[in-house]
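Survey of secondary and tertiary structure
Take a look at the letters that make up each chain.
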Amino acid sequence: MWIAFIIIVVLVVLVGLGALAYYDLTQKQHAILRNFPIIGHFRYWLEAVGPELRQYIVTDNNEERPFSRDQRRWVYASSKKQNNYFGFGTDNELEQSPNYLIIRHVAFPLHDCHEGEPGYDPSYRVPCAKIMGGHRKRDKAFRPESIVNISAMSYGSLSHAAIEALNRGCKTAGCLHNTGEGGVSKHHMHGGELIWQLGTGYFGCRDARGDFDLAKFKHVVEQNEIRAIEIKMSQGAKPGLGGVLPSVKITHELAEIRGIPMGQDCLSPSSHSAFSDEDSLLDFVEHLAAETGLPVGIKSAVGEIGFWQRMADLMLDGKRGVDFIAIDGGEGGTGAAPLVFSDHVAFPYKIGFTKVFAEFAKRKIDQNVVFIGSGRLGFPDAALFAIGLGADLINVAREAMMAIGCIQAQKCHTNHCPTGVATQNEWLVRGLDPTNKATRLANYILTLRKELLRLSRACGVVHPALIRHEHFNILNEQFGTMGIDELFGYEQNWGLPSDDQQRDISTIMQELVAMQVS
């Protein structure tokens, strides 16, 4: 009798596990469960009791790196349109935390429209205050529709499903998608508008020797939804070092897109072959712009300041110039890099950006350039502060990866990413459903824009670009505060758009509200 009972129990358990495994393998909401049926549930169970375990045994909500538990929870909840509020009050130590950012609200903030009220915009549209390519009068100059966009992440570093999810999500959110240096693929062709990044390897527009090929370049531009060209000088996580795509992640499709051989690491050169100094760089920029009509800019981490001084000096006469400058902080992410480069080369974002911006502001040409910030800026406080320092646009990368399923496993360089985001292993990639994850990416972008608008209105302005220095203070270890001017040597009104640009963006924001009312 007991044997029969045990057999029945075992059969029930096996049938239950089989049904659970079948459900896990066929559902498309969770990549972890689809790739690791049954055992994947332990991740969610452990996550559910994680706060208690960390509080009493391991770490608190703010100790994990590079993104804390609080930050990841906010991204995950925002991407799923779940409750992203936190209860009980802050668990940060404010008065004893040097360099802690305080955003200074006003006594009479602007009204924040909620769903159902006249003027409520469910898309939380926040266009750029500047026109990209406008000062140089590029034929295809445009005003970016979103101040939050997707930063450079190559197909190869990320899977085809991840790239597709990002591009679809960009279309829904109305933001730009930077291709990364790996070239333009069919997976970028799902409606999201592109910024094509040209790295030192010139993938997608290189000749047999690996040098830039203008004919191939123009062909790609003509065939795709490309809005701007970004020349990558260096990247925050591996500055002064070319890109690395481990051979284990190179498929036949990737090799064909990039024009590289199979079976060996893809190592981009450290420097460009199309130009060799600031003067020839500006010639190259103007050549690409003349051939395509597109705005052309550069992306770089910040090391030596002489480069930026010479660039600004060469742009003073107005005959040549970049249309945008993307500054990447040393805390930025990568698929693979030597540890010493990630940890010790290039300034972190706030220091690097302010050093570069000051060189252009001192020469009074900062209004001629769209400044883009990247490097762990995908959270409302960090993004708003970056804008207050002079950034016109914010690029997000790893935060976007988390929105489409990344769990910070830090296996990007091994080809064993368990969520299918940063791998070319087809078994793991199959767990990532691009359509579902595209919605999550769009939700995250919209939520970040929503929070930036709410912060702006709390400070009494209609657009984040109108935030002024006095809206920020940094706490020090002596129960005091310092302002942006004192900390970074800024002068009054540095970081603000021109008077005309301020009037234009204020009018645009009023018109967006009026459209919702009507």
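Conventions and cut-offs
Residues numbered from 1 in each chain as written. Predicted model: local features only at pLDDT ≥ 70, side-chain atom pairs only at ≥ 80, totals over all residues. Heavy atoms only, no water. Helix = DSSP H or I, 4+ residues; strand = E, 2+ residues; numbered from the N terminus. Rg over C-alpha atoms; globule rule 2.2 N^0.38 Å. Contact = heavy atoms within 4.5 Å. Areas by Shrake-Rupley, 256 points an atom, 1.4 Å probe, with all protein chains shown as cover. Lys, Arg positive; Asp, Glu negative; His and termini not counted. Charge placed at Lys NZ, Arg CZ, Asp CG, Glu CD. Axes fitted to C-alpha atoms, helices over the stretch in contact; angles between N-to-C directions. Parallel < 35°, antiparallel > 145°, perpendicular 65-115°, else oblique. Left-handed = near helix turned anticlockwise from the far one by under 90°. Patch = residues over 30% accessible without salt bridge, like charges linked within 9 Å, V, L, I, M, F, W, Y side chains within 5 Å. Salt bridge = Lys/Arg side-chain N within 4 Å of Asp/Glu carboxyl O. Buried < 20%, exposed > 50% of the residue type's maximum accessible area, 1.4 Å probe, protein only. Nonpolar A, V, L, I, M, F, W, Y, C, P; charged D, E, K, R; others polar. Core = buried A, V, L, I, M, F, W, Y, C linked by side-chain atoms within 4.5 Å. Polar contact = N/O pair within 3.5 Å; in protein donor to acceptor, adjacent residues only side chain to side chain. Expected span 1.5 Å × (residues − 1). Phe/Tyr/Trp six-rings, centres within 6.5 Å; stacked < 30°, edge-to-face > 60°. Lys NZ or Arg CZ within 6 Å of the ring centre and 35° of its normal.

1. Things to note about the overall build of the protein
For the protein, the helix and strand inventory stands at 18 helices and 13 strands. Over its C-alpha trace the protein gives a radius of gyration of 24 Å, about what one expects of a compact globule, namely 24 Å for 518 residues. Projected onto its principal axes, the C-alpha coordinates of the protein cover approximately 95 × 65 × 50 Å. If you take every contact in the protein between residues at least 6 apart in sequence, the share linking residues at least 24 apart comes to 70%. For the protein, the computed accessible surface area is about 23,600 Å², with 55% contributed by carbon and sulfur atoms. Positive and negative charge centroids in the protein, built from 51 and 58 side chains respectively, lie 4 Å apart.

2. A short note on the packing of helix 10 (residues 306-315) against helix 12 (residues 349-362)
Angle between the axes and distance between the axes are the two parameters that describe a pair of packed helices. For the pair helix 10 and helix 12, the least separation of the axes is 9 Å and the interaxial angle reads 25°. With respect to helix 12, the axis of helix 10 lies roughly parallel. In this structure, the crossing between helix 10 and helix 12 has a hand that is right-handed. Of the residues in helix 12, those in contact with W308, Q309, A312 and M315 of helix 10 are V356, E359 and F360.

3. Overview of a nonpolar patch on the surface
Taken together, the side chains of I3, I6, I7, V9, V10, L11, V13, L14 and L17 define a hydrophobic patch exposed on the protein surface, amounting to about 800 Å² of accessible area. With relative accessibility at 35%, the residue L17 sits in the partly exposed group.

4. Side note on the packing of helix 6 (residues 160-173) against helix 16 (residues 434-458)
Contact pair helix 6 / helix 16: the axes reach a minimum separation of 7 Å and the direction vectors enclose 45°. By the criterion of interaxial angle, the relationship of helix 6 to helix 16 is oblique. For the element pair helix 6 and helix 16, the recorded crossing hand is right-handed. Only P434, K437, A438, L441, A442, I445, L446 and R449 of helix 16 make contact with helix 6, whose side of the interface consists of A161, E164, A165, L166, R168, G169, C170, T172 and A173. For the contact of helix 6 with helix 16, a count of residues per class yields 11 nonpolar, 2 polar and 4 charged.

5. Quick word on the nonpolar core
W196 and I229 are the most contacted members of the largest nonpolar core, which totals 122 residues. Ranked by residue count, the leading element in this core is helix 16, at 8 residues. Within the second largest apolar cluster, 6 residues are counted, among which are F203, I250, A255 and I260.

6. Overview of the environment of G405
Inspection of the secondary structure puts G405 in the loop between helix 14 (398-403) and helix 15 (426-429). Judged by its relative accessible area of 18%, G405 is buried. Along the backbone, G405 and V106 are 299 residues apart, and their C-alpha atoms lie at a distance of 37 Å. Non-local contacts of G405, meaning those with residues more than four positions away in its chain, are made with T419, V421 and K437.

7. Comments concerning the side chain of H463
Within the element layout of this structure, H463 appears in the loop between helix 16 and strand 12 (472-475). We classify H463 as buried; its relative accessible area is 1%. Only 2.6 Å separates the side chain of H463 from the backbone oxygen of P127, close enough to count as a polar contact. When residues no more than four places from it in sequence are discounted, the contact partners of H463 are V126, P127, A129, I147, S456, I505 and M509.

8. Brief notes about helix 6
Taking 1.5 Å per residue as the helical rise, helix 6 with its 14 residues ought to reach 20 Å, and the 20 Å between its terminal C-alpha atoms agrees with that figure. Most of helix 6 sits out of view: 11 of its 14 residues are buried. Within helix 6, burial applies to H160, A161, A162, I163, E164, A165, L166, N167, G169, C170 and A173. Here the buried face of helix 6 lies against strand 2 (148-150), strand 3 (177-178), strand 4 (194-198), helix 14, helix 15 and helix 16. Looking at the residues trailing helix 6, positive phi occurs at G174, about 70°.

9. Details of the environment of G332
The topology assignment puts G332 in the loop between strand 9 (324-328) and helix 11 (339-344). Overall, the relative accessible area of 11% leaves G332 in the buried class. On a C-alpha basis, the gap between G332 and P348 in space is 8.4 Å, while along the polypeptide they are 16 residues apart. Not counting residues up to four positions away in its chain, the partners in contact with G332 are A237, G375 and R398.

10. Description of helix 16
Between its first and last C-alpha, helix 16 extends 36 Å over 25 residues, near the 36 Å set by a 1.5 Å rise per residue. With 19 of 25 residues buried, helix 16 lies mostly within the body of the structure. Looking one or two places after helix 16, you find G460, whose phi comes out positive at around 90°.

11. Quick notes on the packing of aromatic side chains
Summed over all chains, the structure comprises 19 aromatic pairs. Aromatic pair F212 and F284: ring centres 5.2 Å apart, planes at 85°, arrangement edge-to-face. Here F212 is found in the loop between strand 4 and helix 7 (214-223), whereas its partner F284 is found in helix 9 (residues 278-292), with 72 residues between them in sequence. Of the two residues, F212 and F284, neither departs from the other in class, the shared state being buried. Their ring planes at 80° and their centres at 5.8 Å tell us that F360 and F371 sit as a pair that is edge-to-face. Taken together, the residues F360 in helix 12 and F371 in strand 10 (residues 370-374) connect sequence positions 11 residues apart. Relative accessible area serves as the criterion here: at 0%, F371 is assigned to the buried category. Here the aromatic cluster, defined as three or more aromatic residues joined through ring pairs, consists of Y349, F353, F357, F360, F371, F488, Y490 and W494. Over the aromatic face of F86 sits the side chain of R73, whose NZ or CZ is 3.9 Å from the ring centroid. Positioned above the aromatic ring of F142 is the side chain of R227, whose terminal nitrogen or guanidinium carbon lies 4.1 Å from the ring centre.

12. Some thoughts on unusual backbone geometry
In this structure, Q410 takes a positive phi of about 60° despite not being glycine. Mapped onto the fold, Q410 is located in the loop between helix 14 and helix 15. For F479, which is not glycine, the phi dihedral falls at a positive 60°. Looking at the element boundaries, F479 is found in the loop between strand 12 and strand 13 (481-482).

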